[in-house]
Amino acid sequence: MGVQQLLRAVIMGPPGSGKGTVSSRIVKHFALKHLSSGDLLRDNLQRRTEVGVIAKTYIDQGQLIPDDLMTRLMLNELKNLHRYHWLLDGFPRTVPQAEALNETCQIHTVINLDVPFETIKQRLTARWIHPASGRVYNLEFNPPKDVGLDDITREPLVQRDDDKPETVTKRLKAYEAQTKPVLDYYRKKGVLESFSGTETNKIWPMVHAFLQTKLPEVSQEEAAPHR
């Protein structure tokens, strides 16, 4: 058997699909590096790097960061990961980004979390908060004792704008419009693997079983922090 090829993977899924949970489980079980475009961008904004300063001008104006800037940011970081298996999260979001990535390296697998939008809407719109204390309630998992009221103060609960049904619907539609061409791009390349379901705990075993065919699992000894 020859030297194992280093895995080049991408994970995709709409906001609220459980992508963060699945990504953290992948990192825990498999020896790979997880590179999140959101985390990397926040780090560059905080450190005020050249890319971070330019990105901030777009963010301050409420504009999307241009493809070439996000691509430059991610490809620059990937240079440091050339010796590892890796998983990209949040990139590529557009076909130009996918094409630029393809010029640098070949993606072997795109994991797509296919969760019905209705399920995501129920998940995200179930969250209500008590503004004064910051207490968070979820109508499905952690409901208040009395509908619409904080357990302790009995003050009314409010819903953040981000969690309102119309906002969630808008975000999901924007995600679909932006990423459908990217999914089609990878489908044509024959590397798209979709995992469908309504619960992360049911989707995860399928993703886990699939990745076992691609990657060595991390032993618990290796996973333990080194002294």
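No experiment lies behind these values; they were computed from the predicted model shown. (Residues numbered from 1 in each chain as written. Predicted model: local features only at pLDDT ≥ 70, side-chain atom pairs only at ≥ 80, totals over all residues. Heavy atoms only, no water.)

Let's shift gears to helix 1 (residues 19–29). For helix 1, the full list of buried residues reads Lys 19, Val 22, Ser 23 and Ile 26. Mapping the buried residues of helix 1 onto a view down its axis gives an arc of 100 degrees, with all of them on the same face. Exposed side of helix 1, more than 90 degrees from the buried face: Gly 20 and Lys 28 are the residues found there. In this structure, the buried residues of helix 1 make contact with strand 1 (8–12), strand 2 (33–36), strand 3 (86–89), strand 4 (109–114) and helix 8 (200–212). (Buried < 20%, exposed > 50% of the residue type's maximum accessible area, 1.4 Å probe, protein only. Helix = DSSP H or I, 4+ residues; strand = E, 2+ residues; numbered from the N terminus. Arc of directions from axis to C-beta. Contact = heavy atoms within 4.5 Å.)

This part covers the nonpolar core. Ranked by size, the top nonpolar core spans 30 residues in total, and within it Leu 78, Leu 88, Leu 101, Val 110 and Tyr 186 carry the most contacts. Going through the elements one at a time, strand 1, helix 2 (37–47), helix 3 (50–60), helix 4 (67–78), strand 3, helix 5 (95–104) and helix 7 (165–188) are the ones with two or more residues in this core. It is helix 4 that contributes the most residues to this core, six residues altogether. With residues up to four places along the chain from it excluded, the contact list for Tyr 186 reads Pro 92, Ala 98, Leu 101, Ile 107, Val 110, Val 191 and Leu 192. Membership of the second largest hydrophobic core comes to 22 residues, among which are Leu 7, Ile 11, Phe 30 and Ile 111. (Core = buried A, V, L, I, M, F, W, Y, C linked by side-chain atoms within 4.5 Å.)

In this section: the environment of Val 115. Positionally, Val 115 belongs in the loop between strand 4 and helix 6 (117–125). In this structure, the C-alpha to C-alpha distance between Val 115 and Glu 193, residues 78 residues apart in sequence, is 13 Å. Dropping the residues within four chain positions of it, Val 115 is found in contact with Ser 17, Ile 120, Arg 123, Gly 197 and Ile 203.

Counting across every chain of the model gives 15 salt bridges. Here Asp 89 ties to Lys 19 by a salt bridge, and the two come within 2.4 Å at their closest N and O atoms. Pair noted here: Asp 89 is in strand 3 and Lys 19 is in helix 1, with a separation of 70 residues, a long-range link. Asp 89 sits in the buried class, given a relative accessible area of 8%. Ionic pairing is found between Asp 146 and Arg 154, a salt bridge with its closest N-O pair at 2.6 Å. In this structure Asp 146 comes out as partly exposed when scored by relative accessible area, which is 34%. Ionic contacts of the salt-bridge type, sharing partners, join the residues Arg 127, Arg 160, Asp 162 and Asp 163 into one network. (Salt bridge = Lys/Arg side-chain N within 4 Å of Asp/Glu carboxyl O.)

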